[in-house]
Amino acid sequence: MVIIMQSGASTQEISSIIKQIETAGMRAHLSQGEERTIIGMVGNDRPIDRSVFELMSGVDRVVPILRPYKLASRDFKKDDTVIQINPGKTAIRIGGASSALAMMAGPCAVETREQILESAHIVKAAGANILRGGAFKPRTSPYSFQGHGEDALKWLAEAREQTGLAIVTEVMSVEQVPLVSQYADILQVGARNMQNFALLNAVGMSTRPVLLKRGMMSTMEELLMAAEYILSNGNYNVMLCERGIRTFETYTRNTLDINAVPVLKTLSHLPVIVDPSHATGKWEYVTAVSKAAVAAGADGLIIEVHPNPALAMSDGAQSLTPENYVNLVAKIRRVAEAVDRTV
Ligand code: PEP
Ligand code: MN
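Residues numbered from 1 in each chain as written. Chains lettered and ligands numbered in written order. Predicted model: local features only at pLDDT ≥ 70, side-chain atom pairs only at ≥ 80, totals over all residues. Heavy atoms only, no water.

Our next topic: the overall build of the protein chain. Within the protein chain one finds eleven helices and 14 strands. Computed over its C-alpha atoms, the radius of gyration of the protein chain comes to 21 Å, within 12% of the 20 Å expected for a compact globule of 343 residues. The dimensions of the protein chain, computed from C-alpha atoms along their principal axes, are 65 × 45 × 45 Å. Considering only residue pairs separated by 6 or more positions, the protein chain has 68% of its internal contacts joining residues 24 or more positions apart. Here the protein chain displays about 15000 Å² of accessible surface, and carbon together with sulfur accounts for 51% of that area. Separation of charge centres in the protein chain, based on 34 positive and 35 negative side chains, amounts to 1 Å. (Helix = DSSP H or I, 4+ residues; strand = E, 2+ residues; numbered from the N terminus. Rg over C-alpha atoms; globule rule 2.2 N^0.38 Å. Contact = heavy atoms within 4.5 Å. Areas by Shrake-Rupley, 256 points an atom, 1.4 Å probe, with all protein chains shown as cover. Lys, Arg positive; Asp, Glu negative; His and termini not counted. Charge placed at Lys NZ, Arg CZ, Asp CG, Glu CD.)

Below is the structure:
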């Protein structure tokens, strides 16, 4: 249920509502819009007597949210969520029509200090504003490279210091959340962990923004329910990431669900990021698919770029060379302009 306050409702009236919600054993989530305050009421599925709230002072109306996700829904928050990150001198804003596209780029994995520093300078010069790179890697085989852990996190932080790029990196388990939060600006929850509910609760209690990747066999509703776990713990800075789903097609690694971009943006106020690298699995298609994503309304792209893809320890086949990334950004600028966005 959401309680829509009258415009000009006092802080006193708002706190009385919150108190009443808490007395009912529920949690209150505040959304302060430009005109009025909306209070989301979530917690359990027990029926609640609406009239109790309708009669309270300062309340305009009480509206049930029929969708299973509440805080992630546009019914709860009409305006786009804008996430602000401050990695250096200039703030980065993600989401909302007036923000520039979030350009996340970098290698699949942090391999060496030199490799990540070199990657950072390459993607920064090409126009990226956020550096990606896995310190903890979720690999299909236990014998594959698993990431350099905390060493890699330190190198990422050094790259941020040198370039001013924000850092996005994956956190794979509950225990890793404090460590990764110490170094990263954005916590990535990988596709394989989209329904790791303990991890979702843990990143929900963190103050770091979260990039939540869609599970390869998850529906959009399941993705939104996963986001709801994070939001319901009080972390409202969540980005949804479409990274391709598994279909009968085997020529590409996954199938980019381009529908997810307009659908998620209709159903939810959260920013939508597209990962064309994992969606295609082949670098040759990354630029075309990136253009489609931006044209469809994505708020950003996360793209794998490696100084030398042939030597990459993971996902070399889908990684762009520095030159290819430069060319991609030039093309994305033109598509962005066509849809009233900037890079
Ligand atoms: C990654 O970003 O390198 C990654 C493992 O992505 P996903 O979780 O989407 O497979
Ligand atoms: Mn990868």
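More follows now that the structure is in view.
Here the protein chain is partitioned into domain 1 (2-63) and domain 2 (83-338). Computed over C-alpha atoms only, the centres of domain 1 and domain 2 are separated by 35 Å. (Domains from an automatic or database assignment.)

A few words now on helix α10 (residues 286-296). Along α10, the residues that are buried comprise Val286, Thr287, Val289, Ser290, Ala293 and Val294. Looking down the long axis of α10, one finds its buried residues gathered within 165° of arc, a one-sided arrangement. Where α10 is buried, its residues touch α8 (260-267), β13 (272-274), α9 (276-280), β14 (300-304) and α11 (322-338). Positive phi appears at Gly297, one or two residues downstream of α10, with a value of about 110°. (Buried < 20%, exposed > 50% of the residue type's maximum accessible area, 1.4 Å probe, protein only. Arc of directions from axis to C-beta.)

In this section: the sheet that holds strand β1 (residues 2-5). Sheet architecture is open: four strands sit in the order β2-β3-β1-β4, paired in antiparallel fashion. The sheet is open, and its two borders are formed by β2 (27-32) and β4 (59-63), each paired with just one other strand. When strand polarity is set aside, the average angle formed by the axes of neighbouring strands in this sheet is 20°. Pairing analysis gives three bridges linking β1 to strand β3 (residues 37-42), with the strands arranged antiparallel. What sits directly across from Ile4, in β3, is Ile38. (Pairing = 2+ DSSP bridges. Axes fitted to C-alpha atoms, helices over the stretch in contact; angles between N-to-C directions.)

Right, let's talk about the layout of surface pockets for a bit. Each pocket or cavity is described by its volume, and for the largest pocket that value is around 480 Å³. The set of elements that each furnish at least two residues to the lining of the largest pocket consists of β3 and α7 (220-232). No other element matches the four residues that α7 contributes to the lining of the largest pocket. Looking at the lining of the largest pocket residue by residue, the classes come out as ten nonpolar, three polar and five charged. In this structure, the lining of the largest pocket is formed jointly by two domains, domain 1 (2-63) and domain 2 (83-338), each of which donates at least three residues. (1 Å grid on protein atoms, 1.4 Å probe; cavity = no way out; pocket = protein on both sides within 12 Å on 5 of 7 lines; lining within 4 Å. Points joined across faces, edges and corners; volume = space filled by probe spheres on them. Nonpolar A, V, L, I, M, F, W, Y, C, P; charged D, E, K, R; others polar.)

Before going further, it helps to spend a moment on the sheet that holds β13. Strand order around the closed barrel formed by eight strands is β7-β8-β9-β10-β11-β12-β13-β14, with parallel pairing between neighbours. The sheet shows a mean angle of 25° between the axes of neighbouring strands, direction not considered. Along the sheet, helix α6 (residues 197-204) makes contact with β10 (186-189) and β11 (210-213), crossing β10 at roughly 170°.

Right, let's talk about the side chain of Glu228 for a bit. Of note, Glu228 is situated in helix α7. At 3.0 Å, the side chain of Glu228 forms a polar contact with the backbone nitrogen of Lys70. Every residue in contact with Glu228, bar those within four places of it in the chain, is listed here: Tyr69, Lys70, Leu71 and Ala72. (Polar contact = N/O pair within 3.5 Å; in protein donor to acceptor, adjacent residues only side chain to side chain.)

Attention shifts here to unusual backbone geometry. The backbone of Asp315 shows a phi angle near 55°, a positive value even though the residue is not glycine. Residue Asp340 is not a glycine yet carries a positive backbone phi of 60°. The exposed category is assigned to Asp340, whose relative accessible area is 67%.

Time to look at the environment of Ala312. Topologically, Ala312 is positioned in the loop between β14 and α11. By relative accessible area, Ala312 is classed as buried at 19%. Between the C-alpha atom of Ala312 and that of Gln115, which follows or precedes it by 197 residues, the distance is 9.9 Å. Apart from residues no more than four positions distant in its own chain, Ala312 is found in contact with Glu111 and His306.

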